[in-house]
Amino acid sequence: MNKGIFIAFEGIDGSGKSTQIQLLTEKINEKGIRCYQTCEPSGGPIGSLTRQILTGRIKTDNRVIAAMFAADRLDHLLNEVDGIVAKVEDGITVITDRYYFSSYAYHSVDVPMDWVIKTNEESAKVLRPDMTIFIDIDADTAMERITKNRFHTELFEKKSRLEKVRNNYLKAFDLLKGEEKVVIVDGTKSMEEISEEIWMQVKHLFEK
Ligand code: ADP
């Protein structure tokens, strides 16, 4: 049996990841291909603790936060209940809302990027995405969308931080351009235009 395709969506908060993941899943399902959506932090026990850190309820050092995300990522890949690796082996296409590039972009605001990349080396070894799709929007547009539609502002959703995060994404893509397949789409276009562009980029993965 052919393995499933693994696609990671990346972008700053409010870039439109959830919207595009939904639209892509519909297109894949229409083709009769089994598709599983997931997100980070995971729904597992390490993910749950990580979410509490994200909301600021639990306070700890930034290096600990980065390590928690790395641990949750590995658990998300390898756990016996609903691990991504087993699904991909089983021929299921998996789409994740965030993967290790989110760590490179967000945690490198506070700790050196090379350390974050090294901390996630095992995840990259276990399962590298067939494609990473980065939905690129500027921090101003992101802030407009976030404040219009959300009632709470999480720790990471501050404009100056989002600017740094976006720059870190671009820096990480450049650093890892030899190893990773990354597609950058313009997230300021309409939802339909972005969805069409993403489909043009990924459809060949399903034609093998
Ligand atoms: P993310 O998952 O990256 O945080 P969402 O998909 O939740 O982003 O989108 C954030 C907000 O922006 C939502 O209210 C969504 O409806 C809106 N949105 C998403 N894509 C676009 C787009 N291309 N143009 C305008 N608004 C958008």
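Rules used throughout
- Residues numbered from 1 in each chain as written.
- Predicted model: local features only at pLDDT ≥ 70, side-chain atom pairs only at ≥ 80, totals over all residues.
- Heavy atoms only, no water.
- Phe/Tyr/Trp six-rings, centres within 6.5 Å; stacked < 30°, edge-to-face > 60°.
- Helix = DSSP H or I, 4+ residues; strand = E, 2+ residues; numbered from the N terminus.
- Buried < 20%, exposed > 50% of the residue type's maximum accessible area, 1.4 Å probe, protein only.
- Lys NZ or Arg CZ within 6 Å of the ring centre and 35° of its normal.
- Pairing = 2+ DSSP bridges.
- Axes fitted to C-alpha atoms, helices over the stretch in contact; angles between N-to-C directions.
- 1 Å grid on protein atoms, 1.4 Å probe; cavity = no way out; pocket = protein on both sides within 12 Å on 5 of 7 lines; lining within 4 Å.
- Points joined across faces, edges and corners; volume = space filled by probe spheres on them.
- Nonpolar A, V, L, I, M, F, W, Y, C, P; charged D, E, K, R; others polar.
- Near = heavy atom within 4 Å.
- Polar contact = N/O pair within 3.5 Å; in protein donor to acceptor, adjacent residues only side chain to side chain.
- Contact = heavy atoms within 4.5 Å.

Looking at the packing of aromatic side chains
Moving on, step 1. A complete count under the given rule lists 11 aromatic pairs for this structure.
Moving on, step 2. Aromatic side chains tyrosine 100 and tyrosine 104 sit 5.5 Å apart centroid to centroid with 20° between the ring planes, which places their arrangement in the stacked category. One end of the pair is tyrosine 100 and the other is tyrosine 104, both in helix α5 (residues 100–107) and 4 residues apart, which spans about a single turn.
Moving on, step 3. Look at tyrosine 104 and you get buried, because its relative accessible area is 2%.
Moving on, step 4. Feature note: the residues Phe6, Tyr99, Tyr100, Phe101, Tyr104, Tyr106, Phe134, Tyr169 and Phe173 constitute an aromatic cluster, connected by ring pairs.
Moving on, step 5. Above the plane of the ring of tyrosine 36 lies lysine 87, whose end atom (NZ or CZ) is 4.3 Å from the centre.

Structural notes on the pairing of strand β1 (residues 6–10)
As a general feature of sheets, a regular strand has side chains that alternate between the two faces.
Moving on, step 1. Here β1 lies mainly inside the structure; 5 of its 5 residues are buried.
Moving on, step 2. Where β1 and strand β3 (residues 93–97) come together, 4 bridges link them in parallel fashion. Across the sheet, the residue bridging to alanine 8 is threonine 96, located in β3.
Moving on, step 3. Across 4 bridges, the pairing between β1 and strand β4 (residues 131–136) is parallel. From the neighbouring strand, isoleucine 7 faces β4, where its bridge partner is methionine 131.

Some words on the sheet that holds β1
Moving on, step 1. Taken together, 5 strands build an open sheet; the order of strands is β2-β3-β1-β4-β5 and the sheet is parallel. A strand with exactly one partner marks an edge of an open sheet, and here the two such strands are β2 (35–39) and β5 (182–186). Strand-to-strand twist in this sheet, taken as the mean axis angle between neighbours without regard to direction, amounts to 20°.
Moving on, step 2. With 5 bridges connecting them, β4 and β5 associate as parallel partners. In the sheet register, aspartate 136 faces β5, and the bridge partner there is aspartate 186.

Concerning the layout of surface pockets
Moving on, step 1. By volume, the second largest pocket is sized at about 310 Å³.
Moving on, step 2. Taken together, 15 residues form the lining of the second largest pocket, with Asn2, Lys3, Gly4, Ile5 and Leu205 sitting closest to its centre.
Moving on, step 3. For the lining of the second largest pocket, a count of residues per class yields 7 nonpolar, 4 polar and 4 charged.

A look at the site of the ligand
Moving on, step 1. If you check the shell around the ligand, you find 15 residues, and the closest are Gly14, Lys17, Ser18, Thr19 and Lys189.
Moving on, step 2. Take lysine 17: an N or O atom from its side chain is 2.7 Å from an oxygen atom of the ligand.
Moving on, step 3. Measuring from a nitrogen atom of the ligand, one finds a backbone N or O atom of methionine 191 at 3.5 Å.
Moving on, step 4. Counting only elements with at least two residues in the shell around the ligand, the list comes to α1 (17–30), α8 (139–149) and α10 (191–202).
Moving on, step 5. No other element matches the 3 residues that α1 contributes to the shell around the ligand.

Quick look at α5
Moving on, step 1. With 8 of 8 residues buried, α5 lies mostly within the body of the structure.
Moving on, step 2. Buried residues of α5: Tyr100, Phe101, Ser102, Ser103, Tyr104, Ala105, Tyr106 and His107, and no others.

Brief notes about the side chain of threonine 38
Moving on, step 1. Here threonine 38 lies in strand β2.
Moving on, step 2. A distance of 2.7 Å separates polar atoms of two side chains, one belonging to threonine 38 and the other to histidine 76.
Moving on, step 3. For threonine 38, the contacting residues outside a window of four places in its chain are His76, Ile84, Val94, Ile95, Thr96 and Asp97.

The quantities given are spatial measurements derived from coordinates; they are silent on function.
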